[in-house]
Amino acid sequence: MLETVFIVALIGLIFFLGGKQKKKNQKIRTINFSSINNLTSGLIKVKGRLRVIETIKSPIFNQDCIGYTHSKFSRNIFNSSGRRKWIKSYSFSDCVNFYIEDASGKIKIKAKGISIEVNTNKSEKKLSKKELEEEKLLIADNKEYILVGTATITKKGTIEIKKSKLDKELLIMDDTLYNLLYQDVPSINKKVISFVIILIGILISFIIYKSLLG
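Values in this document were obtained by computation on a predicted structure and should not be read as measured data. (Residues numbered from 1 in each chain as written. Predicted model: local features only at pLDDT ≥ 70, side-chain atom pairs only at ≥ 80, totals over all residues. Heavy atoms only, no water.)

**Q** Quick question: what am I supposed to make of the nonpolar core here?
**A** If you look at soluble globular proteins, the nonpolar side chains tend to sit buried side by side. Core analysis: the biggest nonpolar cluster contains 27 residues, and Phe98, Ile114, Leu138, Leu147, Ile161 and Ile172 have the highest contact counts within it. The set of elements that each furnish at least two residues to this core consists of strand E1 (42-52), strand E6 (98-102), strand E7 (105-109), strand E10 (131-138) and strand E11 (144-153). Among residues more than four places away in sequence, those in contact with Leu138 are Leu50, Cys65, Ile66, Gly67, Cys95, Phe98, Val118, Tyr145 and Ile172. Counting residues in hydrophobic clusters, the runner-up holds eight residues, among them Ile146, Val148, Leu171 and Tyr178. (Core = buried A, V, L, I, M, F, W, Y, C linked by side-chain atoms within 4.5 Å. Buried < 20%, exposed > 50% of the residue type's maximum accessible area, 1.4 Å probe, protein only. Helix = DSSP H or I, 4+ residues; strand = E, 2+ residues; numbered from the N terminus. Contact = heavy atoms within 4.5 Å.)

**Q** Quick question: what am I supposed to make of the packing of aromatic side chains here?
**A** What characterises a pair of aromatic rings is the spacing of the ring centres plus the angle enclosed by the ring planes. In total, this model carries two aromatic pairs according to the counting rule given. Relative to Tyr178, the ring of Phe33 has its centre 6.0 Å away and its plane inclined at 65°; by these criteria the two rings are edge-to-face. With Phe33 in the loop between helix H1 (2-30) and E1 and Tyr178 in helix H2 (residues 175-183), this pair connects stretches of sequence that are 145 residues apart. On the basis of relative accessible area, Phe33 is assigned to the partly exposed category, the value being 42%. (Phe/Tyr/Trp six-rings, centres within 6.5 Å; stacked < 30°, edge-to-face > 60°.)

**Q** Explain the pairing of strand E12 (residues 159-162) to me, please; I cannot follow it from the model alone.
**A** Every regular strand shows the same layout, with side chains that alternate between the two sheet faces. As defined by bridge partners, E7 adjoins E12 across two bridges and the pair is classed as parallel. Within E12, the residue paired with Ile109 across the bridge is Ile161. As consecutive antiparallel partners, E11 and E12 are separated by five residues, and within that stretch Gly157 has a phi angle of approximately 90°, a positive value. (Pairing = 2+ DSSP bridges.)

In structure tokens, the structure reads:
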């Protein structure tokens, strides 16, 4: 009985988290891109190149960067082919204020609370056969990045972008990751739905098996 309750709760949690992520993806996908010199207050999406205000050092290779995501992975779980795969066991991000610039101008980003969703400037360091750490850097590398946040008018009358308590969104992505997460939505949804159906089938089979044994 306890196993059944746990499994039903797990299925509910999967649907809840999946629905929440889908809603977030849809929200970000439907925001129109704005030019920087034409921003108004509220949740916005811009695309441009990064410009440095100050830098910090990355934790693994001590590189100068605007921000980073530092992750650790453990290779202790088998996948469907019977091989061990890397599972993220730890992740931490840090970032300082910076500018983003397009053809129309540049704007300051207050980086507190930013989510760094980039897959560029990646470096790895193997700690052992079963452990490695990785850092992904946010740098002014002349590539275009996509940023979602809240445009806010400061006391001086200028506009800056930050994470607001109302919208709770501040994230920066490279083109590749943006297209994968927020543009190729139908194909991703199909994969997620297939995964959930398979998982539910396994859980139902487990319930039936337990009931036959009991």
